[in-house]
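Here are the chains, one letter per residue:
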Amino acid sequence: MQKINWQTGTPAKNGTYLVTYDCCGQPPTISVLYWYKDHWLNQLVDDKELNIIAWYNINDIEPYKNNT
């Protein structure tokens, strides 16, 4: 299994990220969000309720390769 080296703080560039977040008293969850300028774009909930714990740039994930 590949280990994800999660980052904290804010991303340096716009892009799509795998994020771990907590919201509304629920356990931490993983989703995909887009970072744009200075905020996360999402359709989940109001940004004020969304607490991003950590993120990982989707472009850093190596795509599946069929080795057969």
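These numbers were taken from a predicted model, which means no experiment stands behind them.

**Student:** Teacher, can you tell me more about the side chain of Asn-57 here?
**Tutor:** Along the chain, the position of Asn-57 falls in strand β4 (residues 50-57). Under the relative-accessibility criterion, Asn-57 is labelled buried at 9%. Of the polar contacts made by the side chain of Asn-57, one reaches the backbone nitrogen of Asn-59; its length is 2.8 Å. If near-sequence neighbours (up to four positions away) are discounted, Asn-57 is found in contact with Lys-13, Thr-16 and Tyr-17.

**Student:** Would you mind showing me how to read the packing of aromatic side chains here?
**Tutor:** A ring pair, where both rings are aromatic, is described by two values, the distance of the centres and the angle of the planes. Taken as a whole and judged by the stated rule, the model has 3 aromatic pairs. Ring centres of Tyr-17 and Trp-55 lie 5.2 Å apart, and the angle between their planes is 85°; this geometry places the pair in the edge-to-face category. With Tyr-17 in strand β1 (residues 15-23) and Trp-55 in strand β4, this residue pair connects regions lying 38 residues apart in the sequence. Neither Tyr-17 nor Trp-55 differs from the other in exposure class; each is buried. Between the aromatic rings of Trp-35 and Trp-40, the centroid separation amounts to 5.0 Å while the plane-to-plane angle is 65°, which identifies the pairing as edge-to-face. Per residue, the accessibility class of Trp-35 equals that of Trp-40, and both read buried. Through pairs of rings, three or more aromatic residues link up here, namely Tyr-17, Trp-35, Trp-40 and Trp-55.

Procedures and definitions
Residues numbered from 1 in each chain as written. Predicted model: local features only at pLDDT ≥ 70, side-chain atom pairs only at ≥ 80, totals over all residues. Heavy atoms only, no water. Helix = DSSP H or I, 4+ residues; strand = E, 2+ residues; numbered from the N terminus. Buried < 20%, exposed > 50% of the residue type's maximum accessible area, 1.4 Å probe, protein only. Polar contact = N/O pair within 3.5 Å; in protein donor to acceptor, adjacent residues only side chain to side chain. Contact = heavy atoms within 4.5 Å. Phe/Tyr/Trp six-rings, centres within 6.5 Å; stacked < 30°, edge-to-face > 60°.

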